[in-house]
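Spelled out, the chains give:
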Amino acid sequence: MFGIVRPCRHRLGEKLTAQWTAHLCGLCLALRGDHGQLARIVTNYDGLLISVLTEAQADPGGSTGRRTAGPCPLRGMRTASVAHGEGARLAAAVSLVLASAKVRDHVADGDGLLARRPVALAARRVAAGWDRAGARTGSDVGFDTAVLVDAVDRQTGIESLAGPGTPILTVTEPTETATAAAFAHTAVLAGQPRNAAPLAEAGRLFGRLAHLLDAVEDREADAASGAWNPLTATGTSLDEARRLADDAVHGIRLALREAEFTDGGLAHRLLVHELPNSVRRAFGTPSCAHGSHPYAPPGAPGAPGGPTPPEPPRRDRRGLLAGCAVWLGLACTCQLCCGTYEDPWTRERKEGCLHNCDCDCCDCCECCNCCSCGGEDGCCSGCDCGCDC
């Protein structure tokens, strides 16, 4: 699972978490339905934004765009209401081409096993197949994926010519163009052509942000491996990258204000509230866990200078083989991902990895504090995000 918008369930709340999961599962099932089981591996967090935006603009009196999906191991063998229709299929087409571009990029950089020629050749064939599959699905929903493929092709040429002094926005332009086209087409699918221009602007800035954050997160690893990195190659400082990222977040918020949504709660939450968290995460802003107490008064247990919290009661540990057997059972039922379970060996109560998050301390378990921004530029001006504040 890749993508920069990785929301925390605690911030989303029960209602929006259910909607977000419906789009995630809908994207996965659209990939399987049109392109087979292997295609499901390209399911990604950013691709589902296409499905979210399409539904956010849809006529509430029309089709709900939902269906009941059968039991799935990734949901602990539970049924679920999932998104389906043209929005999910467009998201699938974009995800296939996006994944193809990432594979090509890893092949070009010689990452890991892809440094071996036979593996690289096989990866290129898979990527080419995803390009064709994305084009077929895109054509079915009236979207020409040639703009995405062209962006991928131009990206390679631009990177080969870029050097110290090259504006970083020259390097991000192909990604901006591709995401602008995908965001704008959601307005066409939803029958809201007036939204195409503001959503194209939001998509352009989202593409810029995704490219920048990917470069920031990979900067140290690329330096260690000698791989090409846009920030290093162009001599762009982290301060400048942060400025551009913050500007993109602000621009997306302004662009979304110009679009008309019938139910924009989830889209607003992901693109207005979660993107700043993505920026903080990429630039290394510390985050907190929900089990901690960041506002504990001095002297309280767990606070600086306070007494050490008492040790939890010890439980009888399982042996190695017994623990492995329990772990296998948990993995087969996906409780390790989606449920609440006892540690196979220590018997400690734990939550699946999908319950974990990287909330920033300022809004972690509290009513979202965005409403205090104030002024007409406050991020909750005209907010329909489900906040109770």
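Note that the structure is a prediction, hence the values are computed from the model and not measured. (Residues numbered from 1 in each chain as written. Predicted model: local features only at pLDDT ≥ 70, side-chain atom pairs only at ≥ 80, totals over all residues. Heavy atoms only, no water.)

(A) Summary view of the confidence of the model for the protein. A residue-level look at the protein finds 71% of positions with pLDDT of 70 or above and a mean pLDDT of 79. Across the protein, element-level confidence peaks in helix H9 (residues 238-257) with a mean pLDDT of 97 and bottoms out in helix H12 (residues 335-338) with 52. Across residues 287-314, where pLDDT falls below 50, the model places 32 contacts with residues more than four positions away in sequence or in other chains. Contacts from residues 355-382, a stretch scored under 50 in pLDDT, to residues over four places away or in other chains number 62 contacts. (pLDDT = per-residue confidence, 0-100. Helix = DSSP H or I, 4+ residues; strand = E, 2+ residues; numbered from the N terminus. Contact = heavy atoms within 4.5 Å.)

(B) Inspection of the packing of helix H1 (residues 9-35) against helix H2 (residues 48-57) at higher detail. Where H1 meets H2, the axes come as close as 9 Å, and the angle between the chain directions of the two elements is 120°. In terms of their interaxial angle, H1 and H2 are classed as oblique. The two elements H1 and H2 cross, and the hand of that crossing is right-handed. Contacts between H1 and H2 involve Trp20, His23, Leu24 and Leu27 from the former and Leu48, Ser51, Val52 and Glu55 from the latter. Residues that form the contact of H1 with H2 fall into these classes: 5 nonpolar, 2 polar and 1 charged. (Axes fitted to C-alpha atoms, helices over the stretch in contact; angles between N-to-C directions. Parallel < 35°, antiparallel > 145°, perpendicular 65-115°, else oblique. Left-handed = near helix turned anticlockwise from the far one by under 90°. Nonpolar A, V, L, I, M, F, W, Y, C, P; charged D, E, K, R; others polar.)

(C) How the structure looks around H1. Its 27 residues give H1 an end-to-end C-alpha distance of only 30 Å, which falls more than 12% under 39 Å, the value for a rise of 1.5 Å per residue. Of all the bends in H1, the largest measures some 85° and sits at Lys15. Following H1 by one or two positions, Gly36 has its phi on the positive side, about 95°. (Expected span 1.5 Å × (residues − 1). Bend = angle between axes of the 7 residues up to and from the residue.)

(D) Fine view of the pattern of salt bridges. Within the structure shown, the criterion is met by 15 salt bridges. The residue Arg89 makes a salt bridge to Asp34 at a minimum N-O spacing of 2.9 Å. Taken together, the residues Arg89 in helix H3 (residues 86-109) and Asp34 in helix H1 connect sequence positions 55 residues apart. By relative accessible area, which is 25% here, Arg89 ends up partly exposed. For Arg154, the salt bridge identified is with Asp150, shortest N-O distance 3.0 Å. Taken together, the residues span about one helical turn, with Arg154 and Asp150 both in helix H5 (residues 146-161) at a distance of 4 residues. Accessibility expressed as a relative area gives 28% for Arg154, which makes it partly exposed. The class of Asp150 is partly exposed, set by a relative accessible area of 39%. (Salt bridge = Lys/Arg side-chain N within 4 Å of Asp/Glu carboxyl O. Buried < 20%, exposed > 50% of the residue type's maximum accessible area, 1.4 Å probe, protein only.)

(E) Inspection of the layout of surface pockets at higher detail. Counted as a void, the largest pocket has a volume near 1400 Å³. Lining the largest pocket are 49 residues, with Leu98, Ala101, Lys102, Thr175 and Asp214 positioned closest to its centre. Elements that contribute at least two residues to the lining of the largest pocket include exactly H3, H5, helix H6 (168-189) and helix H7 (196-225). Here the element with the most residues in the lining of the largest pocket is H7; it accounts for 11 residues. (1 Å grid on protein atoms, 1.4 Å probe; cavity = no way out; pocket = protein on both sides within 12 Å on 5 of 7 lines; lining within 4 Å. Points joined across faces, edges and corners; volume = space filled by probe spheres on them.)

(F) View of the side chain of Gln155. Here Gln155 lies in helix H5. In terms of polar contacts, Gln155 uses its side chain to reach the backbone carbonyl oxygen of Val171, at 2.9 Å. (Polar contact = N/O pair within 3.5 Å; in protein donor to acceptor, adjacent residues only side chain to side chain.)

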